[in-house]
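Descriptive analysis of the structure
These are the residues of each chain, in order.
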Amino acid sequence: LMKGKFLDMGGKLMLETRAEELLRDDAGRVVGVRAKDAQGNTVELTSKSVILASGGYGAVKSMLPKEMSNYVFYGLDSETGDGYRMATAIGADTINMDLVKMYPQGVETVPGHGLAATASSTDTMKKSGAIYVNRDGRRYVNERASLGELTDTTVAQPGHIAYIVMDAKAWKEYVAKSLEDKLVPDETALMKWTKIVNNGRPVMAVADTLSEAASVMGVDAKGLEATVRDWNKMVKQGKDTAFGRQITGGIGEGPYYIVEQRPRFATTMGGLCTNDKLNVVTKDGKLIPGLYAAGELVGGVMGDDSPAGANVGWALTSGRVAADAIKEAVAK
């Protein structure tokens with residue numbers, strides 16, 4: 001619908017044409033972009049003003065803090081920070097470039113990348129007896145806690161990594177939800193995770209004993225066995241005296257399945273500094289004439305976190321605000 005409206009109004013859609021540099025006139029006003037098409041030809045597009053809406057930088061590890069190196073990105077490969085590079089090249093200021101919108105329950109199915117739908121599959125543990133453990137094989141949180149608490153506690157674990165431990169019954173529920181969400185076409189595809197190796201360890205292990213599964217994943221086997229004994233004891237007594245989780249079941253018969261749980265993100269929270277009309281600002285607080293930003297490219301909008309789904313609303317409203325500001329500016 002939006003594409004059709006754009007074309008009806010005379011817009012021209014230029015695919016495989018990557019903007020590389022902002023054009024400015026002698027007075028320093030941004031008046032267009034220089035780009036290259038798929039054949040390597042230079043293309044210059046001029047206008048009275050420019051709105052940068054190129055998204056984030058989550059696909060570029062070098063733009064993220066080192067401590068996020070093992071976080072799982074499930075956004076678009078096209079989020080390569082082009083808008084930041086073009087704008088900062090002419091003096092634009094940035095804010096919160098060390099922040100991303102994090103969630104728990106990431107599985108690194110492709111190096112550096114994961115799938116968004118792993119969250120709801122993992123959430124089946126709320127009705128099964130599955131548990132979260134760290135590398136020491138120890139529980140560290142109420143598995144029914146909020147996403148925010150699960151995220152923070154996962155980040156706090158050694159190596160920023162945790163694991164969901166499931167028995168055969170819990171695994172069936174995990175598989176059923178994965179198929180319902182179309183995370184994978186069938187259980188065979190999930191089992192292929194045992195062959196995905198990152199940093200020397202697979203993202204999933206399956207074994208007849210907890211000890212064997214733990215050893216494959218790099219989890220302390222004795223620690224895990226002790227944790228499961230303690231957990232099953234609490235389940236039998238009807239009370240989680242460690243973290244206060246509602247009891248829904250214990251760890252029963254195998255085979256046993258262990259799946260990694262990494263912090264995951266799709267949205268970068270940092271970006272360009274702007275004024276209230278989304279006119280981009282320089283490091284010394286001056287406006288860059290003719291340059292506006294919208295969407296994920298704008299930094300500091302939500303602070304260091306955001307409610308689920310709020311960034312979609314921001315993308316829509318910020319585009320409108322920037323366009324209205326340009327309309328007002330060019331009418332003067």
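So, here is what we can say about the structure in this document.

Cut-off values and rules
Residues numbered from 1 in each chain as written. Predicted model: local features only at pLDDT ≥ 70, side-chain atom pairs only at ≥ 80, totals over all residues. Heavy atoms only, no water. Helix = DSSP H or I, 4+ residues; strand = E, 2+ residues; numbered from the N terminus. Buried < 20%, exposed > 50% of the residue type's maximum accessible area, 1.4 Å probe, protein only. Contact = heavy atoms within 4.5 Å. Areas by Shrake-Rupley, 256 points an atom, 1.4 Å probe, with all protein chains shown as cover. Lys, Arg positive; Asp, Glu negative; His and termini not counted. Charge placed at Lys NZ, Arg CZ, Asp CG, Glu CD. Pairing = 2+ DSSP bridges. Axes fitted to C-alpha atoms, helices over the stretch in contact; angles between N-to-C directions. Core = buried A, V, L, I, M, F, W, Y, C linked by side-chain atoms within 4.5 Å. Salt bridge = Lys/Arg side-chain N within 4 Å of Asp/Glu carboxyl O.

**So, the overall build of the protein**
Of regular secondary structure, the protein possesses 9 helices and 16 strands. With the C-alpha coordinates aligned to their principal axes, the bounding extent of the protein is approximately 75 × 40 × 35 Å. Here the protein holds 332 residues, and 45% of them are scored as buried. Once local pairs closer than 6 in sequence are excluded, the contacts in the protein between residues at least 24 apart make up 65%. Within the structure as shown, the protein displays about 16600 Å² of accessible surface, and the carbon and sulfur contribution to it stands at 53%. Side-chain charges in the protein split into 40 positive and 41 negative, and the spacing between the mean points of these groups amounts to 2 Å.

**A look at the sheet that holds strand β1 (residues 18-24)**
Read from one edge to the other, the open sheet built from 3 strands follows the order β1-β2-β3, with strand pairing classed as antiparallel. Edge positions in the sheet fall to β1 and β3 (42-46), since each of these pairs with one other strand and no more. Averaged over neighbouring strand pairs, the angle between their axes works out to 25 degrees when direction is ignored. Relative to strand β2 (residues 30-36), β1 runs antiparallel, the two sharing 6 bridges. The partner of Arg 18 across the bridge, within β2, is Lys 36.

**Let's talk about unusual backbone geometry**
Where the residue is not glycine, phi is negative for most of them; where a peptide bond is considered, it is trans in most cases. Following Gly 254, the chain continues into Pro 255 via a peptide bond in cis, with omega recorded as 5 degrees. Residue position: Pro 255 is located in the loop between α8 (221-237) and β13 (256-268). Backbone geometry at Lys 182 places phi at a positive 60 degrees, although glycine is not the residue there. The residue Lys 182 is located in the loop between α5 (168-180) and α6 (187-191) in this model. A residue is classified by how much of its surface remains accessible, and Lys 182, at 72% relative accessible area, is exposed. Look at Leu 278: it is not a glycine, yet its phi comes out positive at around 65 degrees. Looking at where Leu 278 falls in the secondary structure, it is placed in the loop between β14 (271-272) and β15 (279-281).

**Here's the deal with the nonpolar core**
In this structure, Leu 22, Val 30, Leu 52, Leu 272, Val 280, Ile 288 and Leu 291 are the most contacted members of the largest nonpolar core, which totals 30 residues. Listed by contribution, the elements that provide at least two residues to this core are β2, β4 (50-52), α2 (82-88), β16 (287-293) and α9 (310-330). Top contributing element to this core by residue count: β16, with 4 residues. Apart from residues no more than four positions distant in its own chain, Leu 291 is found in contact with Leu 22, Val 30, Val 50, Leu 52, Ala 87, Ile 90, Leu 278, Asn 279 and Val 280. Tyr 140, Met 166, Trp 171 and Val 175 belong to the second-largest nonpolar core, a separate cluster that totals 25 residues.

**Remarks on the pattern of salt bridges**
Per the counting criterion, the structure on display carries 16 salt bridges. Residues Arg 320 and Asp 324 are paired through a salt bridge, measuring 3.2 Å at the closest nitrogen-oxygen approach. Taken together, the positions of Arg 320 and Asp 324, both in helix α9 and 4 residues apart, correspond to about one turn of that helix.

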